[in-house]
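Take a look at the letters that make up each chain.
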Amino acid sequence: MAVYTDVSESELEAFLAEYSVGRLLSYKGIAEGSENSNFLLHTTSGAYILTLYEKRVDKSDLPFFLGLMEHLARKGISCPLPVHRSDGSVTGTLAGRTAALITFLEGMWMRRPTAAHCREVGKALAGMHLAGADFPLSRPNALQIDGWRKLWDGSHARADEVEPGLAAEVDADFAELGEKWPKDLPAGVIHADLFPDNVFFLGEKLSGLIDFYFACNDFYAYDVATCLNAWCFEKDFSFNLTKGTALLAGYQSVRPLTSAEKEALPILARGSALRFMLTRLYDWLTIPDGALVQKRDPMEYIRRLRFHRRIKSPSEYGLR
Ligand SMILES: Nc1ncnc2c1ncn2[C@@H]1O[C@H](COP(=O)(O)OP(=O)(O)OP(=O)(O)O)[C@@H](O)[C@H]1O
Ligand SMILES: N[C@@H](CCO)C(=O)O
């Protein structure tokens, strides 16, 4: 459930008076998502998403996130467009929270993506990387190895509650990743969380990308590695080579990977699996049961980590 903050009709109407979106017809909370409170709004001019930023989003990052969506949308990437207020700004205050209104994207996310969906997502990711190359703002990735270490420091003592031996296993990953993490690869603005629930489709056609609230500057190939993790594993944790091949071919049809990026893919995939394992583990251990934040299973990413440790060549992901 992701409606942490209730909004009354009268305060919403007062908030909307600052926008040229017509009259409010209806609104309802959206259960999906975990970071912010989201509402679907219908007004006399169409449908919109209203987001109230909750405490896990640093407000000083909003110009980057919202500015990026606007930049990408203007360059032809299908993503939500922030709606401007009469004073030109894109954020206001509602129910004591910083809030923004963005355009509604048609489509639905794929619970069971096929290789065709994976190919489309690869193409869209590369398109986003190219379109973001001249975005003037930048934001360091807070979830690089130092950020992972902070999460790990907060989880280490209880990690073996999730699986005996996990603390020692992950300590070894940190040692190896610290040593082998690439220092210089093509970099720019990345999505950093392009999971299936952040990509909408109409049939097999990709209709848009959402949720840019982890976007940052980092290696492009790290974003590719995150998509391999999020899109190409089956429920039994086996890697689906057909999906990997499709995703990578889709990406490379728009932005070919350099040989250094190809070579780095196994270590990037391992680092990305560790990153999502750690955020999940931290939440798993620190968020009380029954809280509104949805907890996701860290074991799903421990299984991926184990897979990546065994990879000998990037061709095992379907790379050509
Ligand atoms: N522009 C949009 N058009 C249509 N639906 C949207 C749009 N933005 C968000 N949604 C809907 O709201 C849900 C939650 O959005 P979003 O993923 O941005 O939230 P979140 O709280 O940041 O979640 P998380 O980070 O856990 O994915 C989405 O799954 C989707 O159903
Ligand atoms: N995509 C993340 C959740 C928050 O964005 C995960 O699956 O762990």
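Just so it is clear, the structure is predicted and the values come from calculations on it, not from any experiment. (Residues numbered from 1 in each chain as written. Chains lettered and ligands numbered in written order. Predicted model: local features only at pLDDT ≥ 70, side-chain atom pairs only at ≥ 80, totals over all residues. Heavy atoms only, no water.)

Visitor: Could you give an account of the pairing of strand β5 (residues 97-103), naming the residues involved and the relevant values?
Guide: Strand residues, when the strand is regular, have side chains that alternate between the two faces of the sheet. Inspection of the sheet shows strand β3 (residues 46-52) paired to β5 by five bridges, in the antiparallel sense. Bridging from a neighbouring strand, Thr-51 pairs with Ala-100 of β5. Count of turn residues in the strand β4 (residues 92-94)/β5 antiparallel hairpin: two residues, of which Ala-95 carries a positive phi of about 50°. (Pairing = 2+ DSSP bridges. Helix = DSSP H or I, 4+ residues; strand = E, 2+ residues; numbered from the N terminus.)

Visitor: With reference to specific residues and values, describe the packing of helix α4 (residues 145-153) against helix α8 (residues 259-286).
Guide: At their nearest, the axes of α4 and α8 sit 9 Å apart, and the two run at 35° to each other. Of the two elements, α4 crosses α8, and the hand of that crossing is left-handed. Where α4 abuts α8, its residues Trp-148, Leu-151 and Trp-152 lie against Gly-271, Leu-274, Arg-275, Leu-278, Thr-279, Leu-281 and Tyr-282. Across the contact of α4 with α8, the residue classes break down as seven nonpolar, two polar and one charged. (Axes fitted to C-alpha atoms, helices over the stretch in contact; angles between N-to-C directions. Left-handed = near helix turned anticlockwise from the far one by under 90°. Contact = heavy atoms within 4.5 Å. Nonpolar A, V, L, I, M, F, W, Y, C, P; charged D, E, K, R; others polar.)

Visitor: How would you summarise α4 if you had to cite specific residues and measurements?
Guide: All of the buried residues along α4 are Ile-145, Gly-147, Trp-148, Leu-151 and Trp-152. All buried residues of α4 fall inside an arc of 155° around its axis, so they share one side. For α4, exposure combined with an orientation more than 90 degrees from the buried face picks out Asp-146, Lys-150 and Asp-153. (Buried < 20%, exposed > 50% of the residue type's maximum accessible area, 1.4 Å probe, protein only. Arc of directions from axis to C-beta.)

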